[in-house]
Amino acid sequence: MRKLQPAHSNNDFVLGLSTDKWNALNNDVNQPLMSRYTQTYTPGSSMKPITAAIGLETKTIDPNKDLGAKDKWQKDSSWGNYYVTTLHAPSPNDLKNAITYSDNVYFARSALNIGKDNLFKYYKNLKIGEKIPFELALNKSQYINKNQKVSDQLIADSGYGQGQILINPLQLASIYSAFVNNGSIYQPHIVQGQTKTWIKNVFSKETTKIIKEDLINAIADENGTGHAIYHDNVILAGKTGTAEIKQSQSDTTGTELGWFTVMTIDEKQPILMTTVVEDVKNRGGSGYVVEHTKAPLDLYLSQVSD
């Protein structure tokens, strides 16, 4: 994965490019001509609210139950030297705190409680792996590689957005729309003003109410992972995500993807933004993405309030 650089200007193509300029664009290691919104990426912690919703729907997550804070965890000794680790192990270790502080261990344990059959059933209900209805072609998301043997370790990793999950950013944004739309998912579109439901009632109103409140807290709580974008005059809900791209748990040379999805609750100021930035390692992780989401969000909010 490469660090995002300022995109090329489409105006350069109006009168034609010189051979040198065209070759420079095509040979640039940062791939400025690649349409990144069409690609799929490891979602990291952006998947945690989805895991939470599946757990609530299948009654395998009790939102008020304290699982006990652990910063390092494995199912049993059969995992050998593999552990799920987290930077934040809040106490009490309940669903609200797990989302607010983004606890990997909570969602790894929850994924195993949900189980493969329930987890994969809801991934299919969410159309992960199917063609995304959009005016332009998008790469299909996935939750497992073809012919992959499913292990408990893979399921646990999937719970916090690692494993073999790859998500298209537009599909992730659409799934998050369910949390402010009583459980139904909007279809992504280009033309402003279009509103069409893609998947109806994938989650119950009760489930989405709980997830929405926890996503609000992830920004409102002064220690929440998205608090840097908090506004006094508008209620925001959102979730950060940092995805590790590496060959093994001990690999220290891999990169990190940063995610942030933020949305308003007030129907008078409707907006949902999902941003993914390549290579945020040593640049603040998902916090880098939160900071860079402020300007476009503030511009939008100032325009709709005028």
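Above this text you will find the structure in question.
Cut-off values and rules
Residues numbered from 1 in each chain as written. Predicted model: local features only at pLDDT ≥ 70, side-chain atom pairs only at ≥ 80, totals over all residues. Heavy atoms only, no water. Helix = DSSP H or I, 4+ residues; strand = E, 2+ residues; numbered from the N terminus. Rg over C-alpha atoms; globule rule 2.2 N^0.38 Å. Buried < 20%, exposed > 50% of the residue type's maximum accessible area, 1.4 Å probe, protein only. Contact = heavy atoms within 4.5 Å. Areas by Shrake-Rupley, 256 points an atom, 1.4 Å probe, with all protein chains shown as cover. Polar contact = N/O pair within 3.5 Å; in protein donor to acceptor, adjacent residues only side chain to side chain. Phe/Tyr/Trp six-rings, centres within 6.5 Å; stacked < 30°, edge-to-face > 60°. Lys NZ or Arg CZ within 6 Å of the ring centre and 35° of its normal. Pairing = 2+ DSSP bridges. Axes fitted to C-alpha atoms, helices over the stretch in contact; angles between N-to-C directions. Patch = residues over 30% accessible without salt bridge, like charges linked within 9 Å, V, L, I, M, F, W, Y side chains within 5 Å. Salt bridge = Lys/Arg side-chain N within 4 Å of Asp/Glu carboxyl O.

A. Highlighting the overall build of the chain. Each helix and strand in the chain was counted, giving 9 helices and 7 strands. Expected size for 306 residues packed as a compact globule is a radius of gyration near 19 Å; at 20 Å, the chain falls within 12% of this value. The principal-axis extent of the C-alpha atoms belonging to the chain is close to 65 × 45 × 35 Å. Classification of the 306 residues of the chain by burial places 47% in the buried group. The long-range fraction of contacts in the chain, counting pairs at least 24 apart against all pairs at least 6 apart in sequence, stands at 64%. If you sum the accessible surface of the chain, you get close to 15,700 Å²; carbon and sulfur atoms cover 46% of it.

B. How the structure looks around helix 7 (residues 169-177). Burial analysis of helix 7 places 9 of its 9 residues in the buried class, the great majority of the element. Listed as buried for helix 7 are Pro-169, Leu-170, Gln-171, Leu-172, Ala-173, Ser-174, Ile-175, Tyr-176 and Ser-177. Measuring from the side-chain oxygen of the N-cap residue of helix 7 to the backbone nitrogen of Leu-170 gives 2.9 Å; that N-cap residue is Asn-168.

C. Expanded view of the packing of aromatic side chains. Across all of its chains, the model carries 10 aromatic pairs by this definition. Considering the side-chain rings of Tyr-41 and Trp-259, the 6.4 Å spacing of their centres and the 80° angle between planes classify their relative orientation as edge-to-face. One end of the pair, Tyr-41, is in the loop between helix 1 (19-27) and helix 2 (48-57); the other, Trp-259, is in strand 6 (residues 255-264), with 218 residues separating them in the sequence. Tyr-41 sits in the buried class, given a relative accessible area of 4%. Within the aromatic cluster, the residues linked to one another by ring pairs are Tyr-122, Tyr-176, Phe-179 and Phe-203. Positioned above the aromatic ring of Tyr-83, the side-chain terminus of Lys-72 is 4.3 Å from the ring centre. Over the face of the ring belonging to Tyr-288 we find Arg-283, whose NZ or CZ atom lies 4.4 Å from the ring centre.

D. Expanded view of the sheet that holds strand 6. Strand order in the open sheet made by the 3 strands is 5-6-7, with antiparallel pairing throughout. The open sheet has two free edges, formed respectively by strand 5 (236-245) and strand 7 (272-277), since each of these has just one partner strand. Each strand of the sheet is rotated relative to its neighbour by a mean of 10°, with strand direction disregarded. Where strand 6 lies against strand 7, 6 bridges are found, and the strand directions are antiparallel. Bridge pairing in strand 7 links Phe-260 to Thr-275. Contacts from helix 7 reach strand 5, strand 6 and strand 7 within the one sheet, and its direction differs from that of strand 7 by about 145°.

E. Region of the structure containing a nonpolar patch on the surface. Where nonpolar side chains cluster on the molecular surface, the patch consists of Tyr-37, Leu-136, Ile-190 and Val-191 and spans about 340 Å² of accessible area. Positionally, Val-191 belongs in the loop between strand 3 (185-186) and strand 4 (197-199). Residue Val-191 is classed as partly exposed on the basis of its relative accessible area, which comes to 45%.

F. Molecular detail of the pattern of salt bridges. One pass over the full model with this rule turns up 4 salt bridges. Salt-bridge contacts for Glu-278 lead to Arg-36; the nearest nitrogen and oxygen are separated by 3.0 Å. One end of the pair, Glu-278, is in the loop between strand 7 and helix 9 (286-305); the other, Arg-36, is in the loop between helix 1 and helix 2, with 242 residues separating them in the sequence. Note on accessibility: Glu-278 and Arg-36 belong to one class, buried. One salt bridge connects Glu-291 with Lys-294, and the closest N-O pair in it is separated by 3.3 Å. You can see Glu-291 and its partner Lys-294 sitting in helix 9, 3 residues apart, about one turn around the helix.

G. Looking closely at the side chain of Thr-240. With respect to the helices and strands, the residue Thr-240 is situated in strand 5. In contact with Thr-240, not counting residues within four places along its chain, are Ser-45, Ser-46, Thr-225, Gly-226, Trp-259, Phe-260, Ser-286 and Val-290.

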